[in-house]
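Listed below, chain by chain, are the residues.
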Amino acid sequence: MSDAIVVQDSTNQPVAFTQDELGWLPWLEPLVEAELTERHWAGLVDRSRAKSDYFRLLARDPEILEARTKTDKDIFYNTADGLPRAERELAAAATSRYNGCIYCASVHARFATVHSKRRDDVQRLLDEGVGADLGERWNAVVSASVALASTPIAFGERHIEELRRVGLDDAEIVDVINSAAFFNWANRLMLSLGEPTTLVGK
Amino acid sequence: MMSTATRDIIDLLAGIEPGSSLDGIRARRLQARENAQKSYLALFAPVDFGDVAAIERYAVAAFVAGIHDEPAATGFYLAKLAKIADRSELVEILKGEIERAKTEGPYGAFPAGPLAVEDKAGLIYRVAPDGRRVLCERLAAALEHAHLLVFRPRDAAPNAMRALLAAGWSSTAIVTLSQLVAFLSFQVRTVAGLRTLGASLGRHADAAAKAGQGAN
């Protein structure tokens, strides 16, 4: 039974990018919380993640989940030196907007707003897309993220020069590269293993 | 400045030397650096290969790097594949499929509604009949799924899961396959970004050295 599609009711699927909180519904069966072993718990990293269908589905391969989660946390939450959190979240939101991940974009657009207090600019990124004019510093971060998300990869020296011109040092540029590159990982998992859903009553 | 003792796979593919400025910057995100490497090991030297064989992992990795047109990573994974391939024609067929599968992304359709104006059509890749015969149905299905995830991830739908299940992929194997393609999408971009930055730092350092000589 576990190797079958989980059919979801797509009635409440969001049709536009939003900063509202969304739900996520898996297309394959997540593991059952009561049946998780120590190996699975290690993969989840935070025990609270066992409440999430997404993480219990990824826990089917616990070692890659654990390494993925720890990579993610350091790239986004290690704020010792480097790029401000808001701009790491901007890179994540821009990448998600460009790749078309409505769920990822909602989460990281919210975080970008919380850390930057620039809700309207973040909303313009979602509404107008990655060509929105958000001021030269944010434009440089968005443009670098988009070039990196393109296939073949279009990121080049001119993106680095532009990031330098708007004031980023080399370590901050590495944070842009890491944040944007990581969301090419996250987007592909969220988009392909399930679908977003609007939370009724929100 | 901090630096790290051993080169990892990203250093290797991006040409980052121990003790270089970029090595020092990477050392400031040590947990990310170590876990990008652990991710690579979890996928290619796992505690348990489960129901995704090593040969399938390397074939998919070489295909994903290849369709990104990233020569260093493609060469790396093709060489790993060639070492363990039981059939010599496998590598040649895969190289041919990589060329057939190359295009420009991302593209695909959004849910019906206001975003439909951004829908963008593009190649729906299917393995050629000759390739199918050599790769077998299971690996062919994996390459088609990898192409979907790389170029048009927003087109992903339950039918893509059905195609994999029908080709013999279990739910757990699909999770591993998805992680593999998604991780490679991250790895090639990290490598490309750092390699570009490293080249630019080299030129900066040369310019600074010249300026220094001029001042003497």
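Basis of the calculations
- Residues numbered from 1 in each chain as written.
- Chains lettered and ligands numbered in written order.
- Predicted model: local features only at pLDDT ≥ 70, side-chain atom pairs only at ≥ 80, totals over all residues.
- Core = buried A, V, L, I, M, F, W, Y, C linked by C-beta atoms within 7 Å.
- Buried ≥ 20, exposed ≤ 12 C-beta atoms within 10 Å, placed from the backbone.
- Domains from an automatic or database assignment.
- Contact = placed C-beta atoms within 7 Å.
- Helix = DSSP H or I, 4+ residues; strand = E, 2+ residues; numbered from the N terminus.
- Expected span 1.5 Å × (residues − 1).
- Axes fitted to C-alpha atoms, helices over the stretch in contact; angles between N-to-C directions.
- Parallel < 35°, antiparallel > 145°, perpendicular 65-115°, else oblique.
- Left-handed = near helix turned anticlockwise from the far one by under 90°.
- Nonpolar A, V, L, I, M, F, W, Y, C, P; charged D, E, K, R; others polar.

Asker: Give me the lowdown on the nonpolar core, citing residues and values where you can.
Answerer: Judged by nonpolar contacts, the single largest core of 123 residues is most densely connected at Val-60, Ala-62, Phe-63, Val-64 and Val-181 of chain B. For this core, the domains that each give at least three residues are domain 1 (11-75 + 194-198) and domain 2 (82-190) of chain A. Apart from the residues lying within four places of it in its own chain, the contact partners of Val-60 of chain B are Ala-142, Leu-143, Ala-146, Leu-177, Leu-180 and Val-181 of chain B.

Asker: Which residues make up helix H7 (residues 136-149) of chain A, and what values go with them?
Answerer: Residue and element names in this part refer to chain A. Here H7 is 14 residues long and its end C-alpha atoms lie 20 Å apart, about the 20 Å a rise of 1.5 Å per residue gives. Among the 14 residues of H7, 10 are classified as buried, and the element is accordingly described as predominantly covered. Those residues of H7 that sit buried are Trp-138, Ala-140, Val-141, Val-142, Ala-144, Ser-145, Val-146, Ala-147, Leu-148 and Ala-149.

Asker: Describe in detail the packing of helix H4 (residues 85-99) of chain A against helix H5 (residues 102-116) of chain A, supporting the description with residues and values.
Answerer: All names here are of chain A. Across the interface, H4 lies against H5 with an axial gap of 8 Å and an inter-helix angle of 155°. Between H4 and H5, the angle is such that the two are roughly antiparallel. Classified by chirality, the crossing of H5 by H4 is left-handed. Packed against H4, whose contacting residues are Arg-85, Ala-86, Glu-89, Leu-90, Ala-92, Ala-93, Ser-96 and Arg-97, the element H5 presents Cys-104, Ala-105, His-108, Ala-109, Phe-111, Ala-112, His-115 and Ser-116 at the interface. Considered class by class, the residues forming the contact of H4 with H5 number 9 nonpolar, 4 polar and 3 charged.

Asker: So what's going on with unusual backbone geometry? Which residues, and what values?
Answerer: The omega angle of the peptide bond from Thr-151 of chain A to Pro-152 of chain A is -5°, so this bond is cis rather than trans. Omega for the bond connecting Gly-105 of chain B with Pro-106 of chain B falls within 30 degrees of zero, at 5°, which places this linkage in the cis form. Relative to the helices and strands, Pro-106 of chain B resides in the loop between helix H6 (89-101) and helix H7 (129-151). With a phi angle near 60°, Asp-69 of chain B is a residue other than glycine that sits in the positive phi range. With respect to the element layout, Asp-69 of chain B can be found in the loop between helix H4 (54-67) and helix H5 (71-84). Take Asp-69 of chain B: there are 15 C-beta atoms within 10 Å of it, and that puts it in the partly exposed class.

Asker: Outline the interface of chain A and chain B, supporting the account with residue identities and numerical values.
Answerer: Contact residues are listed per partner, giving 51 residues for chain A and 60 residues for chain B. Every element with two or more residues in the side of chain A that touches chain B is listed here: helix H2 (53-58), helix H3 (62-77), H4, H7, helix H8 (157-165) and helix H9 (170-193) of chain A. The leading source of residues in the side of chain A that touches chain B is H9 of chain A, at 16 residues. The class makeup of the residues in the side of chain A that touches chain B is 27 nonpolar, 12 polar and 12 charged.

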